[in-house]
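Residue-level structure breakdown
Each chain, letter by letter, is given below.
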Amino acid sequence: MIATAVSPSIGVEVQGISAADFSSPGTASTTSELLARHGVVVFRQAHVSDTDLVSFSRMLGDVVVAPMGGLPDHPEISPVTLDPSKSELAGLRRSTIFWHIDGVTDDIPQKATLLTAREVVDGEGDTEFANTYAAYDALPNSKKSELAEYRVVHSFAAAQRLTHPDATEKQKDAWNRLPAREHPLVWKHRDGRRSLLIGATAGHVVGMSPEDGRALLDSVLEWATQPQFVLRHRWQVGDLVIWDNTSLLHRALPYEPTSRRLMHRTTLVGDEAVA
Ligand code: OGA
Ligand code: MN
């Protein structure tokens, strides 16, 4: 296995892996190390089967089984598509085009996400990743101390508002039924590193006016998603990309709801509470 860093701040590409290697615990332990060091691990044209995707995910951690939307044969796998005929969650996926962190409204944010391309449309729906460890580290010290003071309320509603600015009261009530979650803006990890909890779910800053909070959140997001912290992945069928969801923001670049683009996704349960 050969691993090549994509840039100093984010991403590593692994070559020399065949589909059979995904059943090996050695591949899983190497992947975990690469994930911790680089944030995103790219296996081009891995062509991993659904069964192997689930078993490989299990070697990396506990796998989330979503209450709805999983594949009939593999409830651990969520199809990611904007086509409502392929997934009952297609409508909600429209907000994936905004920078976000998966599961950040949970008590413990999810640890990592694995996404493999089953169908792609050339030039549409690339995925971008931004490493917030690197973005935090590059801040001036005064800004680091300032940001350490803030707490942010994350909600499903805040993310949905971006996609549906004209939502009805009934839609808003439905979104608001899901609990919001308050987190520090800066997550101090147990290994001493710091990441930023921002993105589409970040609705407001505790103790700030909505306008000031919005301006602050927007400016931190803009900082964190500068090109030097970002990896853009152009998909080919069979690619498998894994990211550390505790330190990265990600988003899909826009694609049509009628697009054939179809990803199979598994998600790892978080193992570190936000502190
Ligand atoms: C997701 C997600 C990005 C993509 O499934 O959580 O953000 O490119 N997907 O489909
Ligand atoms: Mn996501």
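Rules and cut-offs
- Residues numbered from 1 in each chain as written.
- Chains lettered and ligands numbered in written order.
- Predicted model: local features only at pLDDT ≥ 70, side-chain atom pairs only at ≥ 80, totals over all residues.
- Heavy atoms only, no water.
- Near = heavy atom within 4 Å.
- Polar contact = N/O pair within 3.5 Å; in protein donor to acceptor, adjacent residues only side chain to side chain.
- Areas by Shrake-Rupley, 256 points an atom, 1.4 Å probe, with all protein chains shown as cover.
- Nonpolar A, V, L, I, M, F, W, Y, C, P; charged D, E, K, R; others polar.
- Donors = N, O, S within 2.8 Å, 3.2 Å for Na, K, Ca; no water.
- Helix = DSSP H or I, 4+ residues; strand = E, 2+ residues; numbered from the N terminus.
- Buried < 20%, exposed > 50% of the residue type's maximum accessible area, 1.4 Å probe, protein only.
- Contact = heavy atoms within 4.5 Å.
- Expected span 1.5 Å × (residues − 1).
- Arc of directions from axis to C-beta.
- Pairing = 2+ DSSP bridges.
- Axes fitted to C-alpha atoms, helices over the stretch in contact; angles between N-to-C directions.
- Domains from an automatic or database assignment.
- Buried area = accessible area lost by both parts, 1.4 Å probe.
- Salt bridge = Lys/Arg side-chain N within 4 Å of Asp/Glu carboxyl O.

Here the focus is the site of ligand 1. Contacts to ligand 1 come from Val 80, Thr 96, His 100, Asp 102, Leu 115, Thr 127, His 250, Ala 252, Arg 261 and Arg 265. Separating an oxygen atom of ligand 1 from a side-chain N or O atom of His 100 is a distance of 3.0 Å. Contact between ligand 1 and Arg 261: an oxygen atom at 2.7 Å from a side-chain N or O atom of the residue. Notes on ligand 1: free accessible area 290 Å², of which the protein chains cover 99%. In terms of residue class, the shell around ligand 1 is made up of 3 nonpolar, 4 polar and 3 charged.

This part covers the coordination of the manganese ion (ligand 2). On the protein side, the manganese ion (ligand 2) has His 100 (NE2), Asp 102 (OD) and His 250 (NE2) as donor atoms, found 2.1 Å from it. One chain supplies every donor to the manganese ion (ligand 2), and in sequence these donors are spaced H-x1-D-x147-H. Pair noted here: His 100 is in the loop between β4 (78-80) and β5 (112-119) and His 250 is in strand β14 (residues 248-252), with a separation of 150 residues, a long-range link. As far as burial versus exposure is concerned, His 100 and His 250 are alike and both buried.

Inspection of the secondary structure assignment puts Asp 102 in the loop between β4 and β5. In terms of polar contacts, Asp 102 uses its side chain to reach the side chain of Thr 113, at 3.0 Å. With residues up to four places along the chain from it excluded, the contact list for Asp 102 reads Gln 110, Thr 113, Trp 243, Asn 245, His 250 and Arg 265.

A few words on helix α7 (residues 210-224). Relative to the 21 Å expected for 15 residues at 1.5 Å per residue, α7 spans 21 Å between its end C-alpha atoms, a close match to the ideal helical length. Burial in α7 covers these residues: Gly 213, Leu 216, Leu 217, Val 220, Leu 221 and Ala 224. One side of α7 carries all its buried residues, which in axial view fall inside an arc of 130 degrees. Seen from the buried face of α7, the exposed residues on the opposite side, beyond 90 degrees, are Glu 211 and Glu 222.

This next bit is on the sheet that holds strand β7 (residues 151-154). Remark on secondary structure: sheet strands pair via backbone hydrogen bonds, oriented parallel or antiparallel. As summarised here, the arrangement of the 3 strands in space is β8-β7-β11, forming an open sheet in which the pairing is antiparallel. In this open sheet, the two strands that pair with only one neighbour each are β8 (181-184) and β11 (202-205). The mean inter-strand angle of the sheet, taken between neighbouring strand axes irrespective of direction, is 35 degrees. With 3 bridges joining them, β7 and β11 adopt antiparallel strand pairing. Paired with Val 152 across the strands is Val 205, a residue of β11. Packed on one face of the sheet, α7 meets β7 and β11 and runs near 125 degrees to β11.

With that settled, consider the sheet that holds strand β2 (residues 12-15). Spatial ordering of the open sheet is given by β1-β2-β3-β13-β5-β15-β4, a layout of 7 strands whose pairing is mixed. The two strands at the open ends of the sheet, each matched to only one other strand, are β1 (2-5) and β4. Averaged over all neighbouring strand pairs, the angle between strand axes comes to 25 degrees, with direction disregarded. Where β2 meets strand β3 (residues 40-43), 3 bridges bridge the pair, whose relative direction is parallel. Directly across from Glu 13, in β3, lies its bridge partner Val 42. Packing against the sheet, helix α1 (residues 25-38) makes contact with β1, β2, β3, β5 and β13 (240-244), and its axis sits at approximately 130 degrees to β3.

Let us look at the environment of Leu 71. Tracing the sequence through the fold places Leu 71 in the loop between α2 (50-60) and β4. Residue classification places Leu 71 among the buried residues on the basis of a relative accessible area of 17%. Taking the C-alpha atoms as reference, Leu 71 lies 9.0 Å from Ser 87; in sequence the two are 16 residues apart. Ignoring any residue separated from it by four or fewer positions in sequence, one finds Leu 71 in contact with Asp 50, Ile 77, Pro 79 and His 264.

Here the protein is partitioned into domain 1 (2-84 + 102-121 + 229-248 + 255-268) and domain 2 (132-224). Computed from C-alpha coordinates alone, the two centres of domain 1 and domain 2 are separated by 24 Å. Facing 11 residues of domain 1, the contacting portion of domain 2 comprises 19 residues. Buried area between domain 1 and domain 2, both sides added, is near 1200 Å², and the carbon and sulfur share of it is 61%. Broken down residue by residue, the surface that domain 1 buries against domain 2 is led by Val 104, Thr 105 and Phe 229, which jointly contribute 49%. Our count for the contact surface shared by domain 1 and domain 2 stands at 1 salt bridge. Of the charged contacts, one joins Asp 107 and Arg 181 as a salt bridge, the two residues approaching to 3.9 Å between their closest N and O atoms. For the pair domain 1 and domain 2, the number of links is 5 residue pairs in polar contact (both at pLDDT 80 or more). Looking at the side of domain 1 that touches domain 2 residue by residue, the classes come out as 4 nonpolar, 4 polar and 3 charged.

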